[in-house]
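In case you want the letters, here they are:
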Amino acid sequence: MLENVHVPIGPCPMKLHCDTDWELNGTKCYYFSPNKLSWSHSKKKCVNMSGHLVKIDSREEQVLIDKFWIGLTDSETEGVWKWTDGSSLDPNLTFWFKTKQNSEPDNWTGHNKENLNGEDCVRMGEKADGFETKCWFDQDCNSSQHYICEKNTASSPNCIK
Ligand SMILES: [Ca+2]
Ligand SMILES: [Ca+2]
């Protein structure tokens, strides 16, 4: 009769990793697009790569990202901001750009009201008043911007046999 072989069942360290072209940060993977696309095309691209347009759900994440489409829109109902997963914007976690002259979101229709739909998509970061900010601006969804996708890390056991 065979004896039970005692295989050590110690903690096996898990190694987090991301696909090629994705950067690991914390527990998430991020894809910083080299190209510029409209908001809806960006959203599709992210989904095609098994991710989604980034959802800012921590202050750390806000600091990480700059000048990209994020997954926030009020295209369904003007003024009601939602992430692409359908969740509502947490009022305690917003980063709208605000100065005396300029308060976002402003649903701006352009100099000559050429954009009748206003602005329903959100981009981060803008040079304003001579300083670099990492705040949110609502923008025309059809304008081309860089975008950032996010997805969970894959993990695999990193055991030494
Ligand atoms: Ca709007
Ligand atoms: Ca705006």
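Fair warning: this is a prediction, and the values are worked out from it, not measured in the lab. (Residues numbered from 1 in each chain as written. Chains lettered and ligands numbered in written order. Predicted model: local features only at pLDDT ≥ 70, side-chain atom pairs only at ≥ 80, totals over all residues. Heavy atoms only, no water.)

A few words now on the overall build of the protein chain. Helices and strands together make up the secondary structure of the protein chain, namely 2 helices and 10 strands. Starting at the N terminus, the α and β elements of the protein chain follow one another as β-β-β-α-β-α-β-β-β-β-β-β. Burial status across the protein chain gives 37% buried among its 161 residues. As displayed, the protein chain has an accessible area near 10,400 Å², and 52% of this comes from carbon and sulfur atoms. (Helix = DSSP H or I, 4+ residues; strand = E, 2+ residues; numbered from the N terminus. Buried < 20%, exposed > 50% of the residue type's maximum accessible area, 1.4 Å probe, protein only. Areas by Shrake-Rupley, 256 points an atom, 1.4 Å probe, with all protein chains shown as cover.)

A separate point is the coordination of the calcium ion (ligand 2). For the calcium ion (ligand 2), the protein coordination sphere consists of E104 (OE), D106 (OD), E119 (OE), D138 (O) and D138 (OD), at 2.1 to 2.5 Å. One chain supplies every donor for the calcium ion (ligand 2), spaced along it as E-x1-D-x12-E-x18-D. Remark: E119 occurs in the loop between β6 (82–83) and β7 (121–128) and E104 occurs in the loop between β6 and β7; sequence separation between them is 15 residues. (Donors = N, O, S within 2.8 Å, 3.2 Å for Na, K, Ca; no water.)

Here the focus is the state of the cysteines. Working definition of a disulfide: a covalent bond connecting the sulfur atoms of two cysteines. By the definition in use, this model includes 3 disulfides. The partner cysteine of C46 in its disulfide is C149, sulfur to sulfur 2.1 Å. On the sign convention where negative means left-handed, the S-S torsion of about -80 degrees between C46 and C149 marks this disulfide as left-handed. Of the two residues, C46 sits in helix α1 (residues 39–48) while C149 sits in strand β9 (residues 148–152), which places them 103 residues apart along the sequence. Across the disulfide from C121 sits C141; the S-S distance is 2.1 Å. Here the disulfide of C121 and C141 is right-handed, its torsion about the S-S bond being about 95 degrees. With C121 in strand β7 and C141 in the loop between β8 (131–139) and β9, the pair connects residues that are 20 residues apart, well separated along the chain. (Disulfide = S-S within 2.5 Å.)

A word on the coordination of the calcium ion (ligand 1). At this site the calcium ion (ligand 1) is bound by D74 (OD), D74 (OD), E78 (OE), E78 (OE), N107 (OD1), E119 (O) and D120 (OD), with donor distances of 2.3 to 2.7 Å. Considered as a linear motif, the donors of the calcium ion (ligand 1) on their single chain read D-x3-E-x28-N-x11-E-D. You can see E78 sitting in the loop between β5 (69–73) and β6 and its partner E119 sitting in the loop between β6 and β7, a full 41 residues away along the chain. When its relative accessible area of 45% is taken as the criterion, E78 is described as partly exposed. Assessed through its relative accessible area of 8%, E119 is described here as buried.

Next up on the list: the packing of aromatic side chains. Aromatic ring pairs are reported here in terms of the distance separating the ring centres and the angle at which the planes meet. Under the criterion given, the structure shown has 8 aromatic pairs. Measuring from ring centre to ring centre gives 6.0 Å for W83 and W136, while their planes differ by 85 degrees; the resulting arrangement is edge-to-face. Within this pair, whereas W83 is found in strand β6, its partner W136 is found in strand β8, the two being separated by 53 residues in sequence. Exposure remark for W83: the relative accessible area of 4% places this residue in the buried category. Pairing F97 with F137 gives two aromatic rings, centres 4.7 Å apart and planes at 25 degrees, and the pair type is stacked. In this pair, F97 is assigned in the loop between β6 and β7 and F137 in strand β8, connecting sequence segments 40 residues apart. (Phe/Tyr/Trp six-rings, centres within 6.5 Å; stacked < 30°, edge-to-face > 60°.)

We now examine the pattern of salt bridges. For the structure on display, the rule yields 4 salt bridges. The closest approach of N and O atoms between D85 and K55, which form a salt bridge, is 3.2 Å. One end of the pair, D85, is in the loop between β6 and β7; the other, K55, is in the loop between β4 (52–53) and α2 (59–64), and 30 residues separate them in sequence. With a closest N to O distance of 3.9 Å, K82 and E76 form a salt bridge. Under the relative-accessibility criterion, E76 is labelled exposed at 69%. (Salt bridge = Lys/Arg side-chain N within 4 Å of Asp/Glu carboxyl O.)

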